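# Structural overview
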Amino acid sequence: LMLRAVVCFLFVFTFVCPVLCHVCRGTIINNTKMTFKLATSNINAGTLDQVPAIQLVGHSTTTFQVQSSFGLNDRIEYEFGYLPVHIWCSDIVSGNKLGELKGSFTYHFGDNDCVGSTVACSNGTSTALTYQNCEGVIRNSNPTFNIVFNEADAI
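Keep in mind it's a predicted model, so treat the numbers as computed, not measured.

## Digging into the overall build of the chain
Across its full length, the chain carries one helix and 13 strands. Secondary structure of the chain in N-to-C order comes out as α-β-β-β-β-β-β-β-β-β-β-β-β-β. Just so you have it, the chain exposes about 8900 Å², and 57% of that area is on carbon and sulfur atoms.

## Focus: the sheet that holds strand β4 (residues 55-56)
Overall, antiparallel pairing links the five strands, which are arranged β4-β2-β6-β8-β9 in an open sheet. Of all the strands in the sheet, the pair left with one neighbour each is β4 and β9 (111-115). Where strand β2 (residues 36-45) lies against β4, two bridges are found, and the strand directions are antiparallel. By the bridge assignment, K37 is partnered in β4 with Q55.

## Concerning the nonpolar core
In terms of nonpolar packing, the biggest core is built from 25 residues, with I28, F64, F80 and F105 touching the most fellow members. Going through the elements one at a time, β1 (23-30), β2, β5 (60-67), β6 (75-84), β8 (101-108), β10 (117-121) and β13 (144-150) are the ones with two or more residues in this core. Residues contacting F80, with those up to four places away along its chain left out, are I28, L38, T40, S41, F64, L101, K102, G103, S104, L129 and F145.

## Considerations on the packing of aromatic side chains
Overall, the coordinates contain seven aromatic pairs when judged by the stated rule. On the numbers, 5.2 Å between centres and 45° between planes, the contact of F64 with Y78 is tilted. Here F64, found in strand β5, pairs with Y78, found in strand β6; they are 14 residues apart in sequence, far enough to count as distant. Feature note: the residues F64, Y78, F80, Y131 and F145 constitute an aromatic cluster, connected by ring pairs.

## Some remarks on the pairing of β10
By the bridge criterion, two bridges tie strand β7 (residues 92-94) to β10 in an arrangement that is antiparallel. In the sheet register, S94 faces β10, and the bridge partner there is A120. Here four bridges tie β10 to strand β11 (residues 126-132), and the two strands are oriented antiparallel to one another. Paired with S117 across the strands is L129, a residue of β11.

## Some remarks on the side chain of S141
Structurally, S141 can be placed in strand β12 (residues 140-141). Looking at S141, its side chain comes within polar contact range of the side chain of H22, at 2.6 Å.

## A few points about the state of the cysteines
The full count for this structure, using the stated rule, is two disulfides. Between C89 and C121 runs a disulfide, and the two sulfur atoms are separated by 2.0 Å. The sign of the 90° torsion about the S-S bond sets the C89-C121 disulfide as right-handed. Of the two residues, C89 is situated in the loop between β6 and β7 and C121 in strand β10; the sequence distance between them amounts to 32 residues. Look at C89 and you get buried, because its relative accessible area is 7%. Here C121 falls in the buried class, since its relative accessible area comes to 9%. Across a sulfur-sulfur distance of 2.2 Å, C114 and C134 are joined as a disulfide pair. On the S-S bond that ties C114 to C134, the torsion sits near 95°, and the link is right-handed. Residue C114 is found in strand β9, and its partner C134 is found in the loop between β11 and β12; the two are separated by 20 residues along the sequence. We classify C134 as buried; its relative accessible area is 9%. C24 takes part in no disulfide bond, and the closest cysteine sulfur, belonging to C114, lies 7.0 Å away. Take C24: its relative accessible area is 0%, and that puts it in the buried class.

Cut-off values and rules
- Residues numbered from 1 in each chain as written.
- Predicted model: local features only at pLDDT ≥ 70, side-chain atom pairs only at ≥ 80, totals over all residues.
- Heavy atoms only, no water.
- Helix = DSSP H or I, 4+ residues; strand = E, 2+ residues; numbered from the N terminus.
- Areas by Shrake-Rupley, 256 points an atom, 1.4 Å probe, with all protein chains shown as cover.
- Pairing = 2+ DSSP bridges.
- Core = buried A, V, L, I, M, F, W, Y, C linked by side-chain atoms within 4.5 Å.
- Buried < 20%, exposed > 50% of the residue type's maximum accessible area, 1.4 Å probe, protein only.
- Contact = heavy atoms within 4.5 Å.
- Phe/Tyr/Trp six-rings, centres within 6.5 Å; stacked < 30°, edge-to-face > 60°.
- Polar contact = N/O pair within 3.5 Å; in protein donor to acceptor, adjacent residues only side chain to side chain.
- Disulfide = S-S within 2.5 Å.

Next comes the structure, spelled out in structure tokens:
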């Protein structure tokens with residue numbers, strides 16, 4: 001009886017989990033000329049299978065992959081953040097005071113959520129981490145996060 005329970009347990013975690021777990025394959029696109037360094041990469045629920053690039057040069061792309069656990073803890077909570085290598089603003093008026101752009105992806109029992117951020121300078125310029133395609137489908141999500149630079153509006 002004990003051997004049967006062990007075989008059943010191994011079957012579930014070997015074959016069922018890859019089919020029933022939620023997998024997020026995220027893309028981060030740097031649409032600016034600036035270079036950023038990964039400053040935050042925290043997984044609070046789920047498993048981080050692929051960490052995004054440590055350095056994200058201008059006009060480049062990186063990916064990350066996280067997955068949930070099968071069963072009662074079917075959740076993903078992943079947060080990442082990029083700091084600019086060179087200071088582009090000496091007077092940040094809103095957002096992270098160090099200039100870090102933070103984003104996150106969460107998945108809780110079928111519900112996805114993405115969060116981006118903005119860092120604004122007193123002269124009206126800003127950098128932003130925006131997102132799209134967060135909704136996903138059952139078992140898979142493919143959100144895209146974009147780092148953009150917004151110039152001050154001309155008056």
